[in-house]
Amino acid sequence: MANIPIALELYSVRQDLAGDTAGTLKAVAEMGYAGVEFAGHPNNEAPELRTILDDLGLVCCGWYTPIDLVQDDKLEATIEFNQILGNPNVIIPGIPQNLRETREDWLKMADFFNGVAEKLEVHKMATGYHNHHIEFQELDGELPWDTFFGNTNPEVIMQLDTGNAFYGGADLVSILEKYPNRAVTVHLKPYSRSDGFRPLIGDDDVPWDDVFKACETNGNTEWYIVEYESDLYEPLESVKRCLDNLKAMGK
C-alpha cells in the first residue's frame, strides 16, 4: 500500500504555537512529523513561517482557512500568502450556521466552493471542506455531506475528519468509496463510543485498518493529518503519542 506521509493539524497544539511558534514547530519536527497544517487567521508573516518550515524540513500541506479569507475581497491576499508559504491546500474548516440551515444553503455553498476552486486552480492550488458531525444528520431529505460533495467538482478536496464523522454516525469506509479520489488530505482523529474524543489514535473505536485501506486504494490520499483535541496528556505529548501509535500500526 501507499506510503502516505503524516502531518500534524496545529490546532491540536494551538496554545503552544501561539506562545512559541518556532519552538513548537521544532518540537513537532523532532517527533517525526513530515508536515503541518495551520489553522485560523495567520499570526505570523508568510516569509517567516516559510523560513522556519524549510529550516526544519517540514512541509505545509494545508491551512484551515476561515471562510471570510476566501471571499472576493480577500482571496488575492490569501493566495499570495499561501504561495509564499508553499501551501497548495486552502481548506475551509466549517460553514457558519446561518449559511447551512437548509439543503438549498448547502447547494449554494457547493456552488461557492466550485467558484473558489476554479480561481485557485490557475495558481496550482485547491480548496476543500473539513467536516464536523452535523454533515451526517439528515437535512431536507439528504445528508448535508452528500448534498455538498454530490454537487461540488472533483477538484474540491473532501477532507474527511474520521473522529467527527464517526461521532456523527457516518460509515467512514462508505464515504471514501462513494467519493473516490477526493480524500486528498484526511484528518486522523480518534473517537470512542464510551470515552468520546479522549483516547489516543489506536486506543479508540475508529476502524483504522479499514480506513487506511480505503484511503490508500480508493481515496487518492496524499497526506494523513493527525488531529487530537482532548486532554488525556498535555497537547505536545498527546500528538507525539498519536504519531508513535501510528508508526506502531505500520504508518
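These notes cover the structure that comes with them. (Residues numbered from 1 in each chain as written. Predicted model: local features only at pLDDT ≥ 70, side-chain atom pairs only at ≥ 80, totals over all residues. Heavy atoms only, no water.)

### Thoughts on the overall build of the chain
If you tally the helices and strands in the chain, you get 10 helices and eight strands. Structurally, the chain occupies a C-alpha span of about 45 × 45 × 35 Å along its principal axes. In the chain, which comprises 251 residues, the proportion classed as buried is 51%. In the chain, the proportion of contacts linking residues at least 24 apart, taken out of those at least 6 apart, comes to 77%. (Helix = DSSP H or I, 4+ residues; strand = E, 2+ residues; numbered from the N terminus. Buried < 20%, exposed > 50% of the residue type's maximum accessible area, 1.4 Å probe, protein only. Contact = heavy atoms within 4.5 Å.)

### Here's the deal with the environment of P235
On the secondary structure map, P235 appears in helix α10 (residues 235-248). Look at P235 and you get partly exposed, because its relative accessible area is 26%. Linking P235 and R14, residues 221 residues apart in sequence, is a C-alpha distance of 8.7 Å. Aside from chain neighbours lying at most four places away, what touches P235 is S12, V13 and D16.

### Things to note about the packing of aromatic side chains
Taken as a whole and judged by the stated rule, the model has 18 aromatic pairs. For the pair W145 and F149, a centre-to-centre distance of 4.5 Å together with 50° between the ring planes defines the contact as tilted. Placement of both W145 and F149 in helix α6 (residues 144-149) is noted, with a separation of four residues, approximately one turn of the helix. Grouping residues by exposure puts W145 and F149 together as buried. (Phe/Tyr/Trp six-rings, centres within 6.5 Å; stacked < 30°, edge-to-face > 60°.)

### Considerations on the side chain of T221
Tracing the chain through its elements places T221 in the loop between α9 (208-219) and β8 (223-226). Within polar-contact distance, the side chain of T221 engages the backbone oxygen of C215 at 3.5 Å. Setting aside anything within four residues of it in sequence, one finds T221 in contact with I4, A183, V184, V186 and C215. (Polar contact = N/O pair within 3.5 Å; in protein donor to acceptor, adjacent residues only side chain to side chain.)

### Some thoughts on the sheet that holds strand β4 (residues 89-92)
Ordered in space as β6-β5-β4-β3-β2-β1-β8-β7, the eight strands form an open sheet in which the pairing is parallel. Two strands lie at the open edges of the sheet, namely β6 (157-159) and β7 (185-188), each paired on one side alone. Strand-to-strand twist across the sheet, computed as the mean angle between neighbouring axes with direction ignored, equals 30°. Inspection of the sheet shows strand β2 (residues 35-39) paired to strand β3 (residues 59-64) by five bridges, in the parallel sense. Bridging from a neighbouring strand, A39 pairs with Y64 of β3. Its contacts with the sheet put helix α4 (residues 72-85) on β2, β3 and β4, and the angle it makes with β3 is roughly 155°. (Pairing = 2+ DSSP bridges. Axes fitted to C-alpha atoms, helices over the stretch in contact; angles between N-to-C directions.)

### Comments concerning the pairing of β2
Most of β2 is tucked away: four of the five residues are buried. One crossover worth recording links β2 to the parallel β3 by way of helix α3 (residues 46-56), and it is right-handed. (Right-handed = clockwise from strand over helix to strand, strands pointing away.)

### Overview of unusual backbone geometry
Positive phi outside glycine occurs at K124, with the angle close to 60°. Along the polypeptide, K124 turns up in the loop between α5 (103-121) and β5 (126-130). A relative accessible area of 77% places K124 in the exposed class. Although it is not a glycine, N181 sits at a positive phi angle of roughly 70°. Among the structural elements, N181 can be located in the loop between α8 (172-178) and β7.

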